[in-house]
Amino acid sequence: AQKVTQAQTEISVVEKEDVTLDCVYETRDTTYYLFWYKQPPSGELVFLIRRNSFDEQNEISGRYSWNFQKSTSSFNFTITASQVVDSAVYFCALSEADGGSQGNLIFGKGTKLSVKP
Amino acid sequence: DTGVSQDPRHKITKRGQNVTFRCDPISEHNRLYWYRQTLGQGPEFLTYFQNEAQLEKSRLLSDRFSAERPKGSFSTLEIQRTEQGDSAMYLCASSLDRVANTEAFFGQGTRLTVV
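On a predicted model such as this, the values are computed, not experimentally measured, just so you know.

### Topic: the sheet that holds strand 3 (residues 19-24) of chain B
Residue and element names in this part refer to chain B. Sheet architecture is open: four strands sit in the order 1-3-8-7, paired in antiparallel fashion. Of all the strands in the sheet, the pair left with one neighbour each is strand 1 (5-7) and strand 7 (65-68). Across this sheet, the average inter-strand angle for adjacent strands is 15 degrees, counted without regard to direction. Inspection of the sheet shows strand 1 paired to strand 3 by three bridges, in the antiparallel sense. If you follow Q6 over to strand 3, its bridge partner there is C23.

### Some remarks on the pattern of salt bridges
With the rule as written, the count across this model stands at six salt bridges over all chains. Residue A:E59 pairs with A:R51 through a salt bridge whose shortest N-O separation is 3.0 Å. Residue B:R64 is joined to B:E83 by a salt bridge in which the shortest nitrogen-to-oxygen separation is 3.4 Å. With a gap of 19 residues between them, B:R64 in the loop between strand 6 (53-57) and strand 7 and B:E83 in the loop between strand 8 (75-79) and strand 9 (88-95) connect regions that are remote in the sequence. A residue is classified by how much of its surface remains accessible, and B:R64, at 9% relative accessible area, is buried. Salt bridges here are not isolated pairs; linked through shared partners, they connect A:R51, A:D55 and A:E59.

### Here's the deal with the packing of aromatic side chains
Summed over the entire model, instances satisfying the criterion amount to 21 aromatic pairs over all chains. Residues A:Y64 and A:F77 carry aromatic rings whose centres are separated by 5.2 Å and whose planes lie at 90 degrees to one another, so their mutual orientation is edge-to-face. Placement of A:Y64 in strand 8 (residues 64-69) and of A:F77 in strand 9 (residues 74-79) is noted, with a sequence separation of 13 residues between them. Take A:Y64 and A:F77: they sit in the same class, and that class is buried. Note on A:F107 and B:Y35: the rings are 5.8 Å apart at their centroids and 90 degrees apart in plane angle, and the pair reads as edge-to-face. In this pair, A:F107 sits in strand 11 (residues 106-107) while B:Y35 sits in strand 4 (residues 31-37), so the two residues belong to two different chains. On the basis of relative accessibility, which here comes to 9%, the residue A:F107 falls in the buried class. A relative accessible area of 0% places B:Y35 in the buried class. Geometry around B:F74 places B:R22 over its ring, the cationic atom sitting 3.9 Å from the centre.

Parameters at a glance
- Residues numbered from 1 in each chain as written.
- Chains lettered and ligands numbered in written order.
- Predicted model: local features only at pLDDT ≥ 70, side-chain atom pairs only at ≥ 80, totals over all residues.
- Heavy atoms only, no water.
- Pairing = 2+ DSSP bridges.
- Helix = DSSP H or I, 4+ residues; strand = E, 2+ residues; numbered from the N terminus.
- Axes fitted to C-alpha atoms, helices over the stretch in contact; angles between N-to-C directions.
- Salt bridge = Lys/Arg side-chain N within 4 Å of Asp/Glu carboxyl O.
- Buried < 20%, exposed > 50% of the residue type's maximum accessible area, 1.4 Å probe, protein only.
- Phe/Tyr/Trp six-rings, centres within 6.5 Å; stacked < 30°, edge-to-face > 60°.
- Lys NZ or Arg CZ within 6 Å of the ring centre and 35° of its normal.

Function cannot be read off these values alone, since they describe shape.
Encoded structure:
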């Protein structure tokens, strides 16, 4: 069965601290995609990154970086030098390519990040 | 604004009433998804369309729920005989299918409160 686990329900940091959000997934498919979305208080889910199962290269985008490790089924997200505007709920999601359900996202429960000034 | 648009943003209804929500996807996107999000949870998949064809429905979608996308453009989600357990945020998303599992773009959602 497919599952995404975000064990950290809430994290609170002080501005300029680095913070890592954990994501562990389960799937039986060999081809799958992993995503991170940000949900600010306004409610709209904002796409951050998409990764396919064959690309284990880590990625950096500004203050954001992602560490994908198939050996531990993890896709962790690090924010460097956090800012108050980073405060939001962050969701990790899984999409499987095999079978007929292409594109449907399976979300974790989210991690609420609060960055205090 | 060329993003995904949902209407209404908020809906309060009495138990037993029917409600209908509308979603306008990004214009060139041929895939459209509906998700439901309850407080403190991640979004849960309800159903999706490729053009006008409804290709998959979740077990969460009871027979009181129906979705349509009549011309492959906008979509509607109707809930009949609403129950308090239907209170949630209903999210619509759209994507292109030319690239495998491309990212979905979400609307701001319709928050339903059943009293």
